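Chain and residue survey
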Amino acid sequence: MEEMNLTRQKELAKRISQLNYEYYVLDAPSVSDAEWDALYEEYARLEAESGVILPDSPTQRVGGEPLSAFERHTHLAKLWSLDKSRTEPELLDWARRLKNYTGEFALERKYDGLTLNLTYDGGALITAATRGNGSVGEKITDQVKTIRSIPLTVSFQGRFEVQGEGYMRLSVLESYNASAQTPLKNARNAAAGALRNLDPRETAKRRLSAVFYNVGFIEGAAFASQHEMLAFLKEQGFPVGETWYGSLSELIALLPERERERSQLDYMVDGCVFKAADFAARERVGYTEKFPRWAMAFKFDAEEVVTIINAIRWEAGRTGKLTPLALLAPVEVGGALVSRVTLNNLGDIER
């Protein structure tokens, strides 16, 4: 009987993982919430009876006991920052520095969240960490396991690291704030605060999402292009964002549309990322001390909205300096509801 129960427990864990993938990654659920709940309850009962916690156990998604502190984690490969540009001439100047690269470029959205670095070995998630200084971060494994779009097990058995972004959907933020005693200011801070909360149960309440865009280290496999790497991530069950391919001029022509549509997205983006799609070319052009030479972030203009100044209040700082504070008709900017702003720029005040 015990062997039959354990077999059923494994079947349920696999089934629930597949349903989570359909719901959170494909956005195509195949069962109702009530059916999912029934499967989860059966699994939780069997797990309690057997005492066996499987690597892909759905009970790991709800968050365990609070941590006393974050442990340091050394990444297997360095996590790089991105060089930034704001104009087309800056993008063209970057392209000229790529040692006559004439291959295909890739364009991705730049998600505004918290960088995640996940390590898998033997087909299971063994560590999740923050970026930190690029070489050493903080372990947030229990917190990351609460993100249901992240696979706890994968088919690839070798050791590898995958990088992505943890974020909070704007619709989830709105729902959370509707009943929260202390509303969250914006989606980015909400995600970062949740993932760096010592209590994983609090992280679970934020219902975070994730998207992945890079394999920084892998044993037993190699990729020739961005196409191959993203195909690998999809095969392993990772959520990936949209990618556009073409010449640099073709992708630059897409930027106005990418910027216009960000107000229609259910998550925050602050720009796009251009990458050389060919991995041999990436190796050839290499890295600076901080950035990969084969990638360039393009930052969108800051969002601008119009509202009404209801009043101006003068506030005295600790040194006695007076600063004007504008009280606004509340307006949403970048996923945050703004009702007060400090007036630091004399030209803006005069206008």
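See the structure shown above.
In this report, we go over the structure that sits alongside the text.

Cut-offs and rules
Each residue is numbered by its place in its chain's sequence as written, counting from 1. In keeping with the predicted nature of the model, local features appear solely for residues at pLDDT of at least 70, side-chain atom pairs appear and are counted solely at 80 or more, and the whole-chain, interface and lining totals rest on all residues. Side-chain numbers come from the whole structure's heavy atoms, not from hydrogens or water. Strand pairing is defined by DSSP finding a minimum of two bridges between the two strands. By definition, any uninterrupted DSSP run of H or I lasting at least four residues is a helix, any uninterrupted run of E lasting at least two residues is a strand, and each is numbered from the N terminus. Contact between two residues is taken to exist if any of their heavy atoms lie within 4.5 Å; hydrogens are not considered. Between the N-to-C directions of two axes lies an angle of 0 to 180 degrees, each axis being a line fitted to C-alpha atoms and, for a helix, fitted only over the stretch in contact. Each residue is assigned to one of three classes by its accessible area relative to the maximum for its type, calculated with a 1.4 Å probe on protein chains only: buried under 20%, partly exposed between the two thresholds, exposed over 50%. Note on terminology: a nonpolar core comprises buried Ala, Val, Leu, Ile, Met, Phe, Trp, Tyr and Cys residues joined through side-chain atoms within 4.5 Å. Any pair of N or O atoms that falls within 3.5 Å is considered a polar contact. Within protein, one atom must be able to donate a hydrogen and the other to accept it, and sequence-neighbouring residues count only if both atoms are side-chain atoms. Relevant arc is that of directions from the helix axis to the C-beta atoms, nothing else. Counted as positive: Lys and Arg. Counted as negative: Asp and Glu. His and the chain ends are not counted at all. Should a side-chain nitrogen of Lys or Arg be within 4 Å of a carboxyl oxygen of Asp or Glu, the pair is scored as a salt bridge. In this analysis, a patch consists of residues with relative accessible area above 30% that form no salt bridge, clustered at 9 Å for like charges and at 5 Å for the nonpolar side chains Val, Leu, Ile, Met, Phe, Trp and Tyr. Only the protein chains shown count as cover for residues, with accessible areas throughout obtained via the Shrake-Rupley method and a probe of 1.4 Å. Centres within 6.5 Å are what make two rings of Phe, Tyr or Trp a pair, Trp counting through its six-membered ring; a difference in plane orientation under 30 degrees is then read as stacked, over 60 as edge-to-face, and the rest as tilted. In this scheme, the term charge over a ring applies when either NZ of a lysine or CZ of an arginine sits within 6 Å of the ring centre and within 35 degrees of the ring normal.

1. Focus: the sheet that holds strand E11 (residues 295–299)
- Strand order in the open sheet formed by 5 strands is E2-E11-E10-E3-E9, and the pairing between neighbours is mixed. At either end of the open sheet lies a strand with only one pairing partner, and these are strand E2 (84–85) and strand E9 (243–246).
- Examined bridge by bridge, strand E3 (residues 105–111) and E9 share 4 bridges and lie antiparallel to one another. By the bridge assignment for E9, Ala 106 is matched with Tyr 245.
- Sheet strands in contact with helix H3 (residues 88–96) are E2, E3, strand E10 (269–276) and E11, and its direction is about 180° off that of E11.

2. What about the sheet that holds strand E7 (residues 160–167)?
- The strand order across the open sheet formed by 4 strands is E5-E4-E7-E8, and the pairing between neighbours is antiparallel. Sheet topology places strand E5 (124–130) and strand E8 (209–218) at the edges, where each strand pairs with a single neighbour. Neighbour-to-neighbour, the strand axes of the sheet open up by a mean angle of 30°, direction not taken into account.
- Helix H8 (residues 226–235) contacts E7 and E8 of the sheet and is inclined by roughly 120° relative to E8.

3. Here we look at the pairing of E8
- By the criterion of burial, E8 is predominantly enclosed, with 7 of the 10 residues buried.
- As defined by bridge partners, E7 adjoins E8 across 8 bridges and the pair is classed as antiparallel. Bridge pairing links Glu 165 to Val 211 in E8.

4. Brief notes about the nonpolar core
- Leu 116, Leu 118, Tyr 120, Ile 150, Phe 160, Met 168 and Phe 238 are the most contacted members of the largest nonpolar core, which totals 39 residues.
- Listing elements by their share of this core, those giving two or more residues are strand E4 (114–121), E5, E7, helix H5 (170–179), helix H6 (187–195), E8 and H8.
- At 6 residues, the largest contribution of residues to this core is made by H6.
- If sequence neighbours within four positions are ignored, Ile 150 has contacts with Arg 61, Leu 116, Leu 118, Tyr 120, Val 144, Ala 210 and Phe 212.

5. Some points on the side chain of Gln 143
- Within the secondary structure, Gln 143 sits in helix H4 (residues 141–144).
- Gln 143 gets classed as buried once you look at its relative accessible area, which sits at 0%.
- Side-chain polar atoms of Gln 143 contact the backbone oxygen of Asn 197, separated by 2.7 Å.
- Once residues lying within four places of it in the same chain are set aside, the contact partners of Gln 143 are Leu 67, Phe 70, Ala 194, Leu 195, Asn 197, Leu 198, Pro 200 and Thr 203.

6. Digging into H8
- Within H8, the full set of buried residues consists of Gln 226, Met 229, Leu 230, Phe 232 and Leu 233. Down the axis, H8 shows its buried residues gathered within 150° of arc, on one side only.
- One or two residues past the end of H8 sits Gly 237, with phi positive at roughly 95°.

7. Focus: the side chain of Arg 282
- Here Arg 282 shows up in helix H11 (residues 279–285).
- It turns out Arg 282 is buried and unbridged, and the closest side chain with the opposite charge, Glu 108, is 6.4 Å from it.
- Reaching out from Arg 282, the side chain makes a polar contact with the backbone oxygen of Ala 276 at a distance of 2.7 Å.
- Not counting the four nearest positions on each side in its chain, Arg 282 is found in contact with Gln 226, Lys 275, Ala 276, Ala 277 and Trp 294.

8. Structural notes on H6
- Along H6, the positions that sit buried rather than exposed are Ala 187, Ala 190, Ala 191, Ala 192, Ala 194 and Leu 195.
- Packed against the buried residues of H6 are E4, H4, E7, H5 and helix H7 (200–205).
- With a side-chain oxygen lying 3.2 Å from the backbone nitrogen of Arg 188, the N-terminal cap of H6 falls on Asn 186.

9. Comments concerning a nonpolar patch on the surface
- Taken together, the side chains of Ile 309, Ile 312, Trp 314 and Leu 322 define a hydrophobic patch exposed on the protein surface, amounting to about 450 Å² of accessible area.
- Among the elements that line the nonpolar patch, the one with the most residues is strand E12 (residues 309–316), at 3 residues.
- Within the secondary structure layout, Trp 314 lies in strand E12.

10. Let's talk about the pattern of salt bridges
- On inspection of all chains with the given rule, the structure shows 20 salt bridges.
- A salt bridge links Glu 108 to Lys 275; the nearest nitrogen and oxygen atoms lie 3.0 Å apart. Placement of the pair is Glu 108 in strand E3 and Lys 275 in strand E10, with a sequence separation of 167 residues.
- A salt bridge links Glu 261 to Arg 109; the nearest nitrogen and oxygen atoms lie 2.7 Å apart. Of this pair, Glu 261 sits in helix H10 (residues 255–261) while Arg 109 is found in strand E3, placing the two residues 152 residues apart along the sequence. Summarising the burial analysis for this pair, Glu 261 and Arg 109 share the class buried.

11. A closer look at the packing of aromatic side chains
- Tallied over the entire structure, the rule returns 18 aromatic pairs.
- Between Phe 156 and Phe 232, the ring centres sit 5.4 Å apart and the planes meet at 85°, which makes this aromatic pair edge-to-face. Here Phe 156 is found in the loop between H4 and E7, whereas its partner Phe 232 is found in helix H8, with 76 residues between them in sequence.
- Residue classification places Phe 156 among the buried residues on the basis of a relative accessible area of 17%.
- Each member of the aromatic cluster is reached from another via a ring pair, and the members are Tyr 120, Phe 156, Phe 160, Phe 212, Phe 223, Phe 232 and Phe 238.
- The side chain of Lys 78 reaches across the aromatic face of Trp 80, ending 4.3 Å from its centre.

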